Amino acid sequence: MGETMSETRSPMPLLYRRHSSGEVMKNLASVSSSLLPAFGTLVGDDSPLLKKYVIAPYDRRYRWWQAFLVVLVIYSAWSSPFELAFKDVATGSLMYIDLVVNLFFTIDIILTFFVAYLDKTTYLLVDDHRKIAIRYVTHMMFPMDVASTLPFQSLYRLFTGKLHHGQAFGFLNLLRLWRLRRVSELFSRLEKDTRFSYFLTRCTKLICVTLFAVHSAGCFYYWIATHHSPSEETWIGSIIQDFEDKSIWLGYTYSLYWSIVTLTTVGYGDLHAVNPGEKVFNIFYMLFNIGLTSYLIGNMTNLIVHSAVKTFMMRDSINEILRYASKNRLPEGLKEQMLAHMQLKFKTAELQQEEVLEDLPKAIRSSIAQHLFRKTVEKTYLFKGISEDLSSQLVTDLKAEYFPPKVEVILQNEIPTDFYIIVSGAMEVLTHQNGMEHFLTKLGPMDMFGEIGVFFNIPQPFTVRSKKLSQVVRISHHHFKELIQPLSEDGKTIMANFTQYLKDLKKEVQEEISFLTDLLRDLNIEQMTSLNELRNHDERSSYDHEGMQGTLIDAPSRACPSRVIIHGHHPDDQTTDRGKTGKLVRLPETVDELLKLAEEKVGKRGTVIVMEDGSQVEDLDVLRDNDHIFIL
């Protein structure tokens, strides 16, 4: 069993072995898309470790080793075509450098036998040494890694004692181009790594591809010239006599010049194909250039257009608004508000990131909302003193919005559905009478508006307009009512806060709500324990004074049940001492719950509930505090 369990390991342990959250985020950003943790994988210090002498492929030290090898790959990509064209350097100055580079890649081959790999079926890291070795040896990578690392020229000299200047070793050295796959893998990781600019990473990749194409084509073209006789009938021999005896860097400079001129389709004509072999090579090189140029232009176009997509979308939206306003002959003031709102939408899209948040799990969205808005909600007058539980639930489903200056957020006489909390910015409360606009008061951060219309079940009594760029959070009335109903103590606190707020309103504000003065005169906080004071759009549609006052005060409470005394006998049974057998309980929500509660308290399961006078109880709303009820 122990051996079986050790064969696969979660790919996450070494990734999370550091306690610093910053380190974790850095590692997460650099994980390749091919290294996915298994669903249900435990993350943390309790996760199982890999076997001894096994390296995790995303371990930081191993990644640095791979990055170092990429530098050597760049050297190999330059030296392999160069040594083919200029064979003297292969047995001269570059020979010892090649030996050192090959030594490092030999070490990497040995290390690969100790690097865990990801099982594509289970997405677990396999750390069994035998399985790692079998997978590597049977894969094409092993023979190619060995072939690209063997120093054929040095081995020939070791066994024969002679240096060989033939072209065979030059072509064998081209096997080292196999190492270029490491560069491709590096760029794939960097493009997914958020710590690096995608634009710069992509541009760097395109530049590297272009330079390699230019270098390789120039070296191959020079090699063709060195193997044609007579040398005067070649593209470089017709200009430079005995070019093979000249400086290596002179020949390399001419080769790069021809390659760049041909790649860019300039074609000055000073260096041109002379013999049929060179013409055939030019044909294929120019066909290759067509594909390479298309690839470069296509990628650069996509990068540039991608950065301007949002600007195009904003311009199209603004043009649509202008056409709509012109077609429907909207007033200039209304058209300006529409344009301001649309521009603000695009400017704040980066701050709101609604599309990003929608794709996140609910738990993460809740944590974000708690971080951003919880302190604001708790400092608002209506929610001072509420429980932690209610505070957390309120914040979870808040909707954040931005409003530009001089925009109406709610209108007077508008049907209320939501109320708002100001996070930043400022609002002004206005009223309209006889076509005239009157300023009432100013609101700032942590202030609320819209709640009076919601609580009293009346059309909004005021217009609220933004004074400057403002961020608000919106709370749905229906959602708010669902949260409050089961929390009686919080309901009392909220209603007490609301009542005190009404009393503290400016006189001119109170006068705008016709019934408010009479209501405050008779208001009693003990009567505010009801949560049914919140309006119900589906059941109530009357906005008269009596209906509003009844909504706030007279509705029976189910969130704070009455206390009743239950008995397990008939009210006419005089043989049982009612005082001793009665149980004082809080009245539940339904009749069924009351019958179950009676069974627990008095040990009797009944089906009928009666009062002391023998009348049957069918609706619990008729009961009051300290009523005696009998279960039959």
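Residues numbered from 1 in each chain as written. Predicted model: local features only at pLDDT ≥ 70, side-chain atom pairs only at ≥ 80, totals over all residues. Heavy atoms only, no water.

Naming follows an unreviewed UniProt entry, where the protein appears as Potassium channel of Lactuca virosa. According to its UniProt record, the protein has this under Subunit (unreviewed entry): "The potassium channel is composed of a homo- or heterotetrameric complex of pore-forming subunits." Comment text from UniProt for the protein, heading Function (unreviewed entry), reads "Potassium channel." (UniProt positions renumbered as here; feature names shortened; annotations may be inferred.)

Participant: What am I meant to see in the UniProt feature "transmembrane region" (unreviewed entry) in the protein here?
Facilitator: UniProt's entry tags residues 64-82, 94-118, 199-224 and 283-305 with the feature "transmembrane region" (unreviewed entry), counted in the numbering of this structure. Helix makes up 100% of residues 199-224 and strand 0%, whereas the separation of the span's terminal C-alpha atoms amounts to 38 Å. For residues 283-305, the end-to-end C-alpha separation is 33 Å, with 100% helix and 0% strand making up the annotated structure. (Helix = DSSP H or I, 4+ residues; strand = E, 2+ residues; numbered from the N terminus.)

Participant: In this structure, what is going on with the packing of helix H3 (residues 60-85) against helix H10 (residues 180-192)? I would like to understand it.
Facilitator: Think of two packed helices as two axes; the pair is described by the angle between the axes and how far apart they sit. Interaxial distance between H3 and H10 falls to 8 Å at its minimum, and their mutual angle equals 130 degrees. By the criterion of interaxial angle, the relationship of H3 to H10 is oblique. At the point where H3 passes H10, the crossing takes the left-handed sense. Two secondary-structure elements touch here, H3 through Arg63, Gln66, Leu69, Val70, Val73 and Ala77 and H10 through Leu180, Arg182, Val183, Leu186 and Arg189. For the contact of H3 with H10, the class distribution of residues is seven nonpolar, one polar and three charged. (Axes fitted to C-alpha atoms, helices over the stretch in contact; angles between N-to-C directions. Parallel < 35°, antiparallel > 145°, perpendicular 65-115°, else oblique. Left-handed = near helix turned anticlockwise from the far one by under 90°. Contact = heavy atoms within 4.5 Å. Nonpolar A, V, L, I, M, F, W, Y, C, P; charged D, E, K, R; others polar.)

Participant: Just checking my understanding: could you explain the confidence of the model for the protein for this structure?
Facilitator: Do not read the predicted coordinates in detail wherever pLDDT is low. This prediction gives the protein a mean pLDDT of 77; 79% of its residues lie at or above 70. Per-element confidence in the protein ranges from a low mean pLDDT of 37 for helix H24 (residues 545-554) to a high of 92 for helix H12 (residues 248-263). Counted against residues more than four places away or in other chains, residues 1-48, with its pLDDT under 50, gives 83 contacts. Taken together, the stretch residues 524-561 has pLDDT below 50 and engages in 79 contacts with residues farther than four places along the chain or on a different chain. (pLDDT = per-residue confidence, 0-100.)

Participant: I would appreciate a short explanation of the environment of alanine 116 in the present structure.
Facilitator: Along the chain, alanine 116 falls in the loop between helix H5 (95-112) and strand S2 (117-118). Taking relative accessible area as the criterion, alanine 116 reaches 4% and is therefore assigned buried. Sequence separation of alanine 116 and histidine 129 is 13 residues, and the distance between their C-alpha atoms is 8.3 Å. With near-sequence residues (within four places) excluded, alanine 116 lies in contact with Val54, Ile55, Pro57, Leu125, Val126, Asp127 and Ile132. (Buried < 20%, exposed > 50% of the residue type's maximum accessible area, 1.4 Å probe, protein only.)

Participant: What is the right way to look at a positive patch on the surface in this model?
Facilitator: On the surface, Lys406, Lys442, Lys467 and Lys468 cluster together into a positively charged patch. Mapped onto the fold, lysine 467 is located in the loop between strand S10 (463-466) and strand S11 (470-476). (Patch = residues over 30% accessible without salt bridge, like charges linked within 9 Å, V, L, I, M, F, W, Y side chains within 5 Å. Areas by Shrake-Rupley, 256 points an atom, 1.4 Å probe, with all protein chains shown as cover. Salt bridge = Lys/Arg side-chain N within 4 Å of Asp/Glu carboxyl O. Lys, Arg positive; Asp, Glu negative; His and termini not counted. Charge placed at Lys NZ, Arg CZ, Asp CG, Glu CD.)

Participant: Could you clarify how one ought to interpret the pattern of salt bridges in this entry?
Facilitator: Counted by the stated rule, this structure contains 18 salt bridges. Residues glutamate 332 and lysine 335 are paired through a salt bridge, measuring 3.2 Å at the closest nitrogen-oxygen approach. Taken together, the residues span about one helical turn, with glutamate 332 and lysine 335 both in helix H14 (residues 332-347) at a distance of three residues. Salt bridges linked by common partners bring Glu408, Glu428, Glu437 and Arg465 together as one network.

Participant: Help me understand the side chain of threonine 234 in this model?
Facilitator: Of note, threonine 234 is situated in the loop between helix H11 (198-226) and H12. On the basis of relative accessibility, which here comes to 0%, the residue threonine 234 falls in the buried class. At a separation of 2.9 Å, a polar atom in the side chain of threonine 234 contacts the main-chain amide nitrogen of glycine 237. Setting aside residues up to four positions removed in sequence, threonine 234 forms contacts with Ala225, His228, Phe243, Val274, Asn275 and Glu278. (Polar contact = N/O pair within 3.5 Å; in protein donor to acceptor, adjacent residues only side chain to side chain.)

Participant: Just checking my understanding: could you explain the sheet that holds strand S8 (residues 436-443) for this structure?
Facilitator: Backbone hydrogen bonds hold the strands of a sheet together, and the pairing may be parallel or antiparallel. What the four strands build is an open sheet, ordered S5-S10-S7-S8; its pairing is antiparallel. Edge positions in the open sheet fall to strand S5 (408-410) and S8, since each of these has one partner strand only. On average, adjacent strands in this sheet sit at an angle of 35 degrees to one another, irrespective of strand direction. Across four bridges, strand S7 (residues 427-433) lies against S10 in antiparallel orientation. Residue pairing for S10: leucine 430 is matched across the bridge by threonine 463. (Pairing = 2+ DSSP bridges.)

Participant: For this particular structure, what's the right way to read the sheet that holds strand S9 (residues 448-449)?
Facilitator: An order of S4-S11-S6-S9 is seen for the four strands of this open sheet, with the pairing classed as antiparallel. Looking at which strands have only one partner, the edges of the open sheet turn out to be strand S4 (399-403) and S9. Bridge count for strand S6 (residues 418-424) against S9 is two bridges, and the pairing is antiparallel. Residue tyrosine 420 lies in a different strand from S9, and its bridge partner there is phenylalanine 449. Strands S6 and S11 of the sheet are contacted by helix H20 (residues 477-484), whose axis makes an angle of about 60 degrees with S11.

Participant: What's the story with the nonpolar core in this structure? I'm lost.
Facilitator: Nonpolar side chains tend toward joint burial in soluble globular proteins. Ranked by size, the top nonpolar core spans 47 residues in total, and within it Leu382, Phe383, Phe449, Phe480, Ile494 and Phe498 carry the most contacts. No other element matches S6, which puts five residues into this core. When near neighbours in sequence (up to four residues on either side) are disregarded, phenylalanine 449 contacts Val409, Ile410, Phe419, Tyr420, Ile422, Met427, Leu443, Val464 and Val472. (Core = buried A, V, L, I, M, F, W, Y, C linked by side-chain atoms within 4.5 Å.)

Participant: Help me understand the packing of aromatic side chains in this model?
Facilitator: Two aromatic rings are characterised by how far apart their centres lie and by the angle between their planes. This structure, assessed with the given rule, holds 31 aromatic pairs. Consider the rings of tryptophan 235 and tryptophan 258, whose centres lie 6.4 Å apart with planes at 35 degrees: the pair is tilted. Remark: tryptophan 258 occurs in helix H12 and tryptophan 235 occurs in the loop between H11 and H12; sequence separation between them is 23 residues. Of the residues examined, tryptophan 235 reaches a relative accessible area of 0% and is grouped as buried. Aromatic pair phenylalanine 456 and phenylalanine 498: ring centres 5.7 Å apart, planes at 50 degrees, arrangement tilted. (Phe/Tyr/Trp six-rings, centres within 6.5 Å; stacked < 30°, edge-to-face > 60°.)

Participant: What's the story with the environment of leucine 111 in this structure? I'm lost.
Facilitator: With respect to the helices, strands and loops of the structure, leucine 111 is situated in helix H5. The class of leucine 111 is partly exposed, set by a relative accessible area of 26%. In sequence terms leucine 111 and isoleucine 55 are 56 residues apart; their C-alpha atoms lie 8.5 Å from each other. Aside from chain neighbours lying at most four places away, what touches leucine 111 is Ile55 and Trp65.

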